[in-house]
Amino acid sequence: MGRRHDKPKRNPILEYRQLPIDDLQNRITGCCESGEFRTAIDLAKECHRREPTPEHRKLLAGLYVHRGRQLIDKDLHAEALMVLGNALTLGEGSVELLRLVFQCGLRSRQYAS
């Protein structure tokens with residue numbers, strides 16, 4: 001039994017760190033169009049890490065909301081509550097977001113008495 005000499009897997013986060021902001025934003029758009037919000041969030045985090053502008057913060061918060069809705073559609077309310085909480089910590093506080101957070105809290109029994 002010899003050792004396997006497979007190529008080490010590339011870490012996509014490290015690849016993102018080498019891309020210019022414009023390329024990251026283009027990839028975010030592509031991910032959103034294909035419904036890959038988890039990947040889009042990772043890319044948006046990188047944009048926000050490099051340039052913590054209000055636009056990047058709002059983009060990241062919006063992606064958290066989209067991902068939260070995906071999880072709600074899969075009846076993963078506790079997970080959606082965590083993701084939507086990330087949008088709240090970024091300062092996103094729309095009525096729709098607050099309604100989603102409350103709804104997920106009730107469905108995941110987070111607010112059960």
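Residues numbered from 1 in each chain as written. Predicted model: local features only at pLDDT ≥ 70, side-chain atom pairs only at ≥ 80, totals over all residues. Heavy atoms only, no water.

Caption draft 1: Summary view of the packing of helix α2 (residues 21–33) against helix α3 (residues 37–50). Contact pair α2 / α3: the axes reach a minimum separation of 8 Å and the direction vectors enclose 155°. Compared by their axis directions, α2 and α3 come out roughly antiparallel. At the point where α2 passes α3, the crossing takes the left-handed sense. Each of Ile21, Leu24, Gln25, Arg27, Ile28, Cys31 and Cys32 in α2 lies in contact with α3, whose residues at this interface are Phe37, Thr39, Ala40, Leu43, Ala44, Glu46, Cys47 and Arg50. (Axes fitted to C-alpha atoms, helices over the stretch in contact; angles between N-to-C directions. Helix = DSSP H or I, 4+ residues; strand = E, 2+ residues; numbered from the N terminus. Parallel < 35°, antiparallel > 145°, perpendicular 65-115°, else oblique. Left-handed = near helix turned anticlockwise from the far one by under 90°. Contact = heavy atoms within 4.5 Å.)

Caption draft 2: Summary view of helix α5 (residues 77–89). Its 13 residues give α5 an end-to-end C-alpha distance of 18 Å, which sits within 8% of 18 Å, the value for a rise of 1.5 Å per residue. Every buried residue of α5 is accounted for by His77, Ala80, Leu81, Val83, Leu84 and Ala87. The elements touched by buried residues of α5 are α4 (54–73) and α6 (95–107). (Expected span 1.5 Å × (residues − 1). Buried < 20%, exposed > 50% of the residue type's maximum accessible area, 1.4 Å probe, protein only.)

Caption draft 3: Seen up close, the confidence of the model for the chain. Residues at a pLDDT of 70 or more form 84% of the chain, whose mean pLDDT is 87. Element-level mean pLDDT values for the chain span from 67 in helix α1 (residues 12–16) up to 95 in α4. (pLDDT = per-residue confidence, 0-100.)

Caption draft 4: Just the nonpolar core, in detail. Core analysis: the largest hydrophobic core is formed by 29 residues, its most contacted members being Leu24, Ile28, Leu63, Tyr64 and Leu84. Mapped onto this core, the elements with two or more residues apiece are α2, α3, α4, α5 and α6. Here this core gets 7 residues from one element, more than from any other, and that element is α4. Those residues in contact with Ile28 that lie beyond four places of it in its chain are Ala40, Leu43, Ala44, Cys47, Leu59 and Leu63. (Core = buried A, V, L, I, M, F, W, Y, C linked by side-chain atoms within 4.5 Å.)

Caption draft 5: Representation of the pattern of salt bridges. Taken as a whole, this structure holds 5 salt bridges when the rule is applied. Of the charged contacts in the structure, one is a salt bridge between Arg49 and Glu46, with a shortest N-O distance of 2.6 Å. With Arg49 and Glu46 both in helix α3 and 3 residues apart, this pair spans about one turn of that helix. With a closest N to O distance of 3.5 Å, Glu96 and Arg69 form a salt bridge. (Salt bridge = Lys/Arg side-chain N within 4 Å of Asp/Glu carboxyl O.)

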